[in-house]
Amino acid sequence: MTDRRALAIAIDHGDPAAVAEAWRAAVGLTLRGAAVTVAVRPGSADGGAAAARAKATLALFGHVVDADPDRLVGDVIEAWTDGVDRGAGPPDPAVLHLVRPGRGRPAWVGAPGVLQLPAPADVDYDALLDAVAAAPVRVW
Amino acid sequence: MTRLGLVLATADDLGYVLGLARAAADRGIEVRLFAMHDGAAALTAPAVATLVDLGCEVVACATTLLRRGLQVPAAVVRGSQDDHAALCAWADRVVAFA
C-alpha cells in the first residue's frame, strides 16, 4: 500500500452491542495503516467499557473520534445504523447513499447521491455497480 | 473498479451481498467479503457456496464466531479484524452493510 487510506465509521444505532462492535471495527481498521475517523450520532446507545477503551485507543494514536456524522468523508464509509431517525442532516452529495427499504428520510427521495434500494430480489445490480464505482458508498 | 469489498454486519442484507457479488463476478470484478457481528450469523451454507463458486473469498470474524458459538461452512475463512482492514486496503470500493 503506497497511500494512506481514509476509513470512516458512522455510529447511529440504539443497540449497545452494535455500538461496541462498531468501535471494535474502528480499531481493527487501523491495523493496515489507515487513518480512521469515527462519528457518533447523538442519541445512539452507549457501547460500554469496551467502546470507551476503543475510543481512547483511537484518540491516543491520533485518529478522529468525534467527527460530524453528516459529513463523513473517506475512501470507505461504514455506517452502523439501525434505521431509526435520530435527526440526520441532508445527505452529502459527494457520497453515494444507498438507502435500504424503510430507512432514510422522505426529504431525501430524489436528492443528489441518494439511491433508494428496493428489496434485494428487485435490485438492478448492474446499475448499482455503476453507481458504486462512481463514489464512496454509505449504506443507510 | 476491479476489486469490490463487501462488509456484512447485519442479519438481513445477505441478499444484497449476493446480488452485488454476482453482478461483479459477471464483470470480472474480484470480490471479497468480511462478515462480523450479526452478519457472521447470517452466513448460510447455500449463500457461502454461491459466493465461493463466484470466486469470492469469504472471511468471518473469529471473535464473533467464538463469542456466539457459531459454526460456519468450511469454506469460510476464520479471520480477524486484520482481514477487515486488509479488505479495505485492497478494494477499489467497499460497500458495508452494518
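These numbers were taken from a predicted model, which means no experiment stands behind them.

Draft legend 1. Examining the confidence of the model for chain B more closely. On average, residues of chain B score 97 in pLDDT, and 100% of them are at 70 or above. Across the whole predicted complex the pTM is 0.96, and at the interface the ipTM reaches 0.94.

Draft legend 2. Structural context of the nonpolar core. Judged by nonpolar contacts, the single largest core of 80 residues is most densely connected at Ile9 and Ala26 of chain A together with Leu6, Val17, Leu20, Leu33 and Cys88 of chain B. Each of two domains, domain 1 (1-81) and domain 2 (90-140) of chain A, supplies a minimum of three residues to this core. When residues no more than four places from it in sequence are discounted, the contact partners of Leu33 of chain B are Leu6, Leu8, Val17, Leu51, Cys56, Val58 and Val59 of chain B.

Draft legend 3. Representation of the sheet that holds strand β6 (residues 137-139) of chain A in the model. Residues and elements named next belong to chain A. Taken in spatial order, the 3 strands make up an open sheet running β5-β4-β6, and their pairing is parallel. Each of the sheet's edge strands pairs with one partner strand only, and the pair in question is β5 (114-116) and β6. When strand polarity is set aside, the average angle formed by the axes of neighbouring strands in this sheet is 20°. Across 3 bridges, the pairing between strand β4 (residues 96-99) and β5 is parallel. Directly across from His97, in β5, lies its bridge partner Val114.

Draft legend 4. Focus on unusual backbone geometry. Residues and elements named next belong to chain B. Notably, His37 is not glycine yet its phi reads approximately 50°, a positive angle. When you line up the elements, His37 lands in helix α2 (residues 37-41). When the 27 C-beta atoms within 10 Å are taken as the criterion, His37 is described as buried.

Draft legend 5. Inspection of the environment of Gly104 of chain A at higher detail. Residue and element names in this part refer to chain A. Along the chain, Gly104 falls in the loop between β4 and β5. For the pair formed by Gly104 and Val139, sequence separation is 35 residues and the distance between their alpha carbons is 9.7 Å. Setting aside chain neighbours within four positions, we find Gly104 in contact with Val99, Gln116 and Trp140.

Scoring rules and cut-offs
Residues numbered from 1 in each chain as written. Chains lettered and ligands numbered in written order. Predicted model: local features only at pLDDT ≥ 70, side-chain atom pairs only at ≥ 80, totals over all residues. pLDDT = per-residue confidence, 0-100. Core = buried A, V, L, I, M, F, W, Y, C linked by C-beta atoms within 7 Å. Buried ≥ 20, exposed ≤ 12 C-beta atoms within 10 Å, placed from the backbone. Domains from an automatic or database assignment. Contact = placed C-beta atoms within 7 Å. Pairing = 2+ DSSP bridges. Helix = DSSP H or I, 4+ residues; strand = E, 2+ residues; numbered from the N terminus. Axes fitted to C-alpha atoms, helices over the stretch in contact; angles between N-to-C directions.

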